[in-house]
Amino acid sequence: MTFFWGWKSEILFPGWPGARGGMYALALLAIFVLALVLELLGSRVLDSRLPSASAPGRRAAAGAARAAVHAVRMGVAYLLMLALMSFNVGVLLAAVAGHATGYLVFRAGLCGDGRAQVDDGYKEQAAHC
């Protein structure tokens, strides 16, 4: 398999986006949004809004909420990986642009705390967005 340029490809589903340029543009937008959502799901912005396990009697609910977010995050990551396996350069560029935009917005800039986020297990309050 090799990377190729072109808008006549299949991404995720048979026949989608097909041979129409508008549907290909929609597919690239969907890939961009998936990558953006993946960055949101791994950010401190979302983590600060989840229930805390420190409140009495809330440990199970907090754990369930965090597990649900993690499951959605992994599902989105696998969908994005499958889309990238179409070997279309446009899909790759849309995914990289979505990750970069999501990183800027949710981790390092606009809604983040201004620092690059590294998952080190230390929870810190994120800036409000």
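Refer to the preceding data block for the structure.
These numbers come from a predicted model, not from an experiment.

> Is there a simple way to think about the overall build of the protein in this case?
Along the backbone of the protein there are 4 helices and 2 strands. When the helices and strands of the protein are read in sequence order from the N terminus, they spell out β-β-α-α-α-α. Residue pairs in contact within the protein that sit at least 24 positions apart in sequence constitute 57% of those at least 6 positions apart. Accessible surface computed for the protein: about 7,800 Å², of which carbon and sulfur atoms make up 68%.

> I'm lost on the nonpolar core in this one. Help?
Side chains of nonpolar character tend, in soluble globular proteins, to be buried together. With 18 residues, the main nonpolar core has Ile-11, Ile-31, Leu-80 and Val-91 as its most contacted residues. Counting only elements with at least two residues in this core, the list comes to α1 (21-41), α3 (59-84) and α4 (89-108). Ranked by the residues each element gives to this core, the list is headed by α1, at 8 residues. Contact partners of Leu-80, with chain neighbours within four places excluded, come to Ile-31, Leu-34, Ala-35, Leu-38, Ala-95 and His-99.

> Sorry if this is basic, but what is going on with the pattern of salt bridges here?
Oppositely charged side chains can pair when the atoms bearing their charge come close. For the structure shown, the criterion picks out 2 salt bridges. When the shortest N-O distance is used, the salt bridge between Glu-39 and Arg-107 registers 3.2 Å. Here Glu-39 is found in helix α1, whereas its partner Arg-107 is found in helix α4, with 68 residues between them in sequence. Note on accessibility: Glu-39 and Arg-107 belong to one class, buried. Asp-47 serves as the salt-bridge partner of Arg-66, at 2.3 Å between the closest nitrogen and oxygen. Residue Arg-66 is located in helix α3, and its partner Asp-47 is located in helix α2 (residues 44-47); the two are separated by 19 residues in the primary sequence.

So, how was this worked out
Residues numbered from 1 in each chain as written. Predicted model: local features only at pLDDT ≥ 70, side-chain atom pairs only at ≥ 80, totals over all residues. Heavy atoms only, no water. Helix = DSSP H or I, 4+ residues; strand = E, 2+ residues; numbered from the N terminus. Contact = heavy atoms within 4.5 Å. Areas by Shrake-Rupley, 256 points an atom, 1.4 Å probe, with all protein chains shown as cover. Core = buried A, V, L, I, M, F, W, Y, C linked by side-chain atoms within 4.5 Å. Buried < 20%, exposed > 50% of the residue type's maximum accessible area, 1.4 Å probe, protein only. Salt bridge = Lys/Arg side-chain N within 4 Å of Asp/Glu carboxyl O.

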